[in-house]
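One-letter residues, chain by chain:
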Amino acid sequence: LLKPCEKYLSGLLRECQPIDVSTDDKFEAAYLRICRDLVGTYTEKDPAFDGVKFFESACNAVVQEMARVTDESNIQDYRQLEKTLPIAELLLSANAIKTEHAINLRNYLCMHYWKQGRFRVAEKHGRKAVAISERHFEPGHPRIDTSQSNLGEVLRNIVELEEAHDLLRKALESDEKTFT
């Protein structure tokens, strides 16, 4: 619940239990519940606990949360994502996540730090996203293009124009081949 809207809820949605995150304090208070609800409530003592599935669910939840950085319309999300950054960084440092998740998280972190004006940290994640993408996909793959484009924009902002130009040109050429 980002703002009061009870009069707009249909009868079906009224049965849902909203989590009020309409202020920073309410978001902070509800954050652990949101994460727990997204990931699940298994514990290691539960006979149904599957550590691999739990870890995968946690990765999915963090990737979905970080994907909010792509929403240009909600500046509030950037502040809220600050709470997710340490978890994303921890998952990446574990080197146990799927390649797809690693690329997504690196790109989302690159975008987040870029939008925050923290260009050197954005560059670090952008370079790693490009490296992973190039290692795991054939040249011209859209995942490489996305990573190159993100890093190119960061480099443009720190006035490393030649490398930025090369990356953005490669991404554009590949996109033109893919989408025409």
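This text goes with the structure placed above it.
Rules used throughout
Residues numbered from 1 in each chain as written. Predicted model: local features only at pLDDT ≥ 70, side-chain atom pairs only at ≥ 80, totals over all residues. Heavy atoms only, no water. Helix = DSSP H or I, 4+ residues; strand = E, 2+ residues; numbered from the N terminus. Buried < 20%, exposed > 50% of the residue type's maximum accessible area, 1.4 Å probe, protein only. Contact = heavy atoms within 4.5 Å. Areas by Shrake-Rupley, 256 points an atom, 1.4 Å probe, with all protein chains shown as cover. Core = buried A, V, L, I, M, F, W, Y, C linked by side-chain atoms within 4.5 Å. Polar contact = N/O pair within 3.5 Å; in protein donor to acceptor, adjacent residues only side chain to side chain. Expected span 1.5 Å × (residues − 1).

**Let's talk about the overall build of the chain**
Next, step 1: Broken down by element type, the chain carries nine helices and zero strands.
Next, step 2: Along the chain direction, N to C, the helices and strands of the chain fall in the order α-α-α-α-α-α-α-α-α.
Next, step 3: Put simply, the chain has 180 residues, and 34% of those count as buried.
Next, step 4: Across the chain, contacts joining residues at least 24 apart in sequence account for 51% of those joining residues at least 6 apart.
Next, step 5: Only carbon and sulfur atoms are counted for the fraction: they give 56% of the accessible area of the chain, which is about 11200 Å².

**Description of the nonpolar core**
Next, step 1: Counting residues in hydrophobic clusters, the biggest one holds 22 residues, and the most contacted among them are Met66, Ile97, Leu105 and Leu109.
Next, step 2: Contributions of two or more residues to this core are made by helix 3 (51–66), helix 5 (85–93), helix 6 (99–115) and helix 7 (119–136).
Next, step 3: In terms of residue count, helix 6 provides more of this core than any other element does, eight residues in total.
Next, step 4: Counting residues in hydrophobic clusters, the runner-up holds six residues, among them Leu151, Leu155, Ile158 and Ala164.

**Remarks on the environment of serine 174**
Next, step 1: Considering the arrangement of structural elements, one finds serine 174 in helix 9 (residues 161–179).
Next, step 2: On the accessibility criterion, serine 174 (9% relative accessible area) is buried.
Next, step 3: As a C-alpha pair, serine 174 and aspartate 145 span 29 residues in sequence and 6.8 Å in three-dimensional space.
Next, step 4: A distance of 2.9 Å separates the side chain of serine 174 from the side chain of aspartate 145, its partner in a polar contact.

**Remarks on helix 8 (residues 142–157)**
Next, step 1: For helix 8, with 16 residues, the first-to-last C-alpha span of 23 Å sits near the 22 Å given by 1.5 Å per residue.
Next, step 2: Of all the residues in helix 8, the buried ones are Arg143, Ile144, Asp145, Ser147, Gln148, Asn150, Leu151, Gly152, Val154 and Leu155.
Next, step 3: Of the surrounding secondary structure, the elements contacted by the buried residues of helix 8 are helix 6, helix 7 and helix 9.
Next, step 4: Count one or two residues on from helix 8 and you reach valine 159, which has phi positive near 60 degrees.

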